[in-house]
Amino acid sequence: MSEPGVPVLSVKDLEVEFDTFGGVVRAVRGVSYDVHAGETLAVVGESGCGKSVTVQALMGLIPMPPGRVVGGSAKLLGQELIGLDQAQLNAVRGADMGMIFQDPMTSLNPTMRVGDQIAETLVVHRGITRDAALKEAVRLLERTRIPEAAQRAKQFPFEFSGGMLQRVMISMSLACTPKLLIADEPTTALDVTIQDQVLELMREIQREDHMAIVLITHDLGVVARMADRVAVMYAGEVVEYGSVDDIFYRAAHPYTQGLKQAMPDMHQHGKDRLEAIPGSPPDLFAPPPGCAYHPRCPHAMQICKHRDPGQYRVGDAHYASCWRLHEEAPAIAAEDSHAG
Amino acid sequence: MGSYIARRLLSGVITIWFIATATFFGMHAVPGDPLLNDKAVTPEIRANLERAYGLDKPVPQQYLIFLGNMLQGDFGISFTQQNRRVNDIIAEHFPVSATLGVLALLFAAGGGIVFGALTALFRGRLPDYLIMLLVIVAVSVPSFVFAGLGQLAILQLNRLVGFSLLPVAGWGSLSHMLVPSLVLGLGTMAYLTRLMRSSMLEVAETDYIRTARAKGLTPQRIFFRHQLRNAILPVVTVLGPAIAAITTGGFVVELVFAIPGLGRYFVQAVQQLDYTVIMGTTVFYGAFLVLMVIAVDIAYGFIDPRIQVNKSLS
């Protein structure tokens, strides 16, 4: 899967903090991942694990203050994004990287015709006239298979269904054929059949444009369908990183294993109860010392409470951060790792 | 759309009828009558006068006569101003009040939107604190104080420039209208500023503003094309009641600046129990406000595409 050459997006040791009344929240604590052209990276994790904050930080969308990028870098086609001012970011946002959001119903301006909203991106980045941009907007809507695109372009968001609006969002983010598409839970607000259509559309466009996708989700079903590679995040860190098969069949981190057990499996009979991960996500005001997952980890050892595990290579381009992968760790109890 | 407006107008007519009826009986419930003034009147003269004005008839019959005349657009003759028809009073003085009110409303809406947007733009910085402080002052201080202060300011200004730049009172030219309408609109302007500020801040937090930023739009473009229009919607909603506040609040300002508006007659009539003038001005103001609210509702549909006339209703 991984290709040589410069990755479209390369995030390295990114750290983001927020100042709040309760103190400093360390939302992202050293996240690294790469995405190559034509590849989909899924970023999974529970609510508040920092998966959205990471991409919003690199797009310059987090409000500063209270937000702040403390360290690390994020490079888009080799160009550093962290530290750019808003004007410099505006040259990149919408042009080289597009973003689609969770709730299409609220993510579009309710008092502006959808055609205008799409055309606006083109007017700003390509400098073409509004009429030309509107024509292009209709073509983009057609590309995302919106029927009667010319009429639909003249309508307002409230005249669309959720699935149709997400198609509009996709057309909008694709207007300038970006190299990178960031999709922040693009199907969470949609029902399952519409989810399927939207995901299929994204894949098709990815094949045609050869763009890189960062797909943020907490739905492992979506991951299995879309992703080439997966980054599992917990408490602001990437705890496991590997190919989609690595994550689904050779999960090395107890958190990833826990997530999989919490997922329904229609082939596995006799599994009436889904195993929930005990406990609750850590308090990011004061993340636990050592491995952030240790309070909930069934395999936690003494060292997990005191020292950060660091990253271990589990396989080809498959990494996990767990003390049990250390060479001196006691033998790992065999996980049911039969490929299904 | 046409039938929607027709329905709104019909319900407006019912509202006006209700206002007229409530005012009529409320007015008659007040002790005394317009003939009861300082001058001693013999019982004979009084009986003659009552017959002449129809006050000797039972109240329900008076009510029916009044309704019948009102339907023909006739509010009768004033009790206290000799041989002056109520319709003439309204026709003569309402344009003055309306001009003052429209100017005040323009000040209020324009100022409210601009200052509200400014405070939101400079949130937590000096311009924000300064404007919000002035807003609290403008909301708290009654208009007659501002009217007096306004006149004082005009005096000082005239003294400063050495000639009469702005007249202190009276009516006629645009220079007469400037300060009174500013004073009249001030309270509403302050209220709209606050509303606009909170509305702007709310819109700034929405997902679609984030989308606009993710598209790489400049802050100016986001402000004018995405934020402003959505933030103005709540302001437009309260414009109806704001018109009410300005027109009914006008009489104090009219009194202080000696402006020959309708407000003065409205208040005077109540003090003198001038039945016909009370009825005429109240019903007229009522009808005017109902019309304004309908106009605002219709205007709202043009600004917000989501507010459309439900076809099944119309």
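For the structure, check the block above.
Rules used throughout
Residues numbered from 1 in each chain as written. Chains lettered and ligands numbered in written order. Predicted model: local features only at pLDDT ≥ 70, side-chain atom pairs only at ≥ 80, totals over all residues. Helix = DSSP H or I, 4+ residues; strand = E, 2+ residues; numbered from the N terminus. Buried ≥ 20, exposed ≤ 12 C-beta atoms within 10 Å, placed from the backbone. Core = buried A, V, L, I, M, F, W, Y, C linked by C-beta atoms within 7 Å. Contact = placed C-beta atoms within 7 Å. Axes fitted to C-alpha atoms, helices over the stretch in contact; angles between N-to-C directions. Parallel < 35°, antiparallel > 145°, perpendicular 65-115°, else oblique. Left-handed = near helix turned anticlockwise from the far one by under 90°. Pairing = 2+ DSSP bridges.

A. A look at unusual backbone geometry. Residue and element names in this part refer to chain A. At Leu77, a position not held by glycine, the phi torsion is positive, near 50°. Here Leu77 shows up in the loop between strand E4 (67–76) and strand E5 (79–80). The class for Leu77 is partly exposed, based on 16 C-beta atoms found within 10 Å.

B. The nonpolar core, seen in detail. One finds A:Val214 and A:Val232 to be the most contacted residues of the largest nonpolar core, which totals 104 residues. The element contributing the most residues to this core is helix H6 (residues 162–174) of chain A, with seven residues. When near neighbours in sequence (up to four residues on either side) are disregarded, A:Val232 contacts A:Val44, A:Gly45, A:Val238, A:Val239, A:Glu240, A:Ile247, A:His253, A:Tyr255 and A:Thr256. Core analysis: the second largest hydrophobic core is formed by 62 residues, B:Ile89, B:Phe107, B:Ala108 and B:Ala117 among them.

C. Geometry of the packing of helix H4 (residues 86–121) of chain B against helix H5 (residues 126–140) of chain B. Residues and elements named next belong to chain B. At their nearest, the axes of H4 and H5 sit 7 Å apart, and the two run at 140° to each other. For the element pair H4 / H5, the angle class is oblique. Crossing hand, H4 versus H5: left-handed. For the pair H4 and H5, contact is made by Phe115, Leu118 and Thr119 and by Pro127, Asp128, Ile131 and Met132, respectively.

D. Here's a closer look at the pairing of strand E10 (residues 237–243) of chain A. Residues and elements named next belong to chain A. The buried fraction of E10 is high, at six of seven residues. In terms of strand pairing, strand E9 (residues 229–234) meets E10 through six bridges, oriented antiparallel. What sits directly across from Val232, in E10, is Glu240. A loop of two residues connects E9 with E10, the two strands running antiparallel in sequence, and Ala235 in this loop sits at a positive phi of about 50°. Two strands pair when backbone bridges link them, and E10 and strand E12 (residues 318–320) are joined in this way by two bridges, in the antiparallel orientation. Within E12, the position partnered with Tyr241 by the bridge is Tyr319.

E. Highlighting the environment of B:Met279. Residues and elements named next belong to chain B. Assignment of secondary structure puts Met279 in helix H12 (residues 275–303). Residues Met279 and Ile307, spaced 28 residues apart in sequence, show a C-alpha to C-alpha distance of 36 Å. With near-sequence residues (within four places) excluded, Met279 lies in contact with Ala20, Thr23, Phe24, Phe66 and Phe75.

F. Expanded view of the sheet that holds E9(A). All names here are of chain A. Here we have eight strands laid out as an open sheet, ordered E6-E7-E8-E3-E9-E10-E12-E11, and mixed in their pairing. In the strand order of this sheet, the two ends are held by strand E6 (97–100) and strand E11 (312–315), each with one partner. Sheet twist, expressed as the average angle between the axes of neighbouring strands with direction ignored, equals 20°. Its contacts with the sheet place helix H1 (residues 51–58) against strand E3 (40–44), strand E7 (180–184), strand E8 (212–217) and E9, and it is angled at close to 140° to E8.

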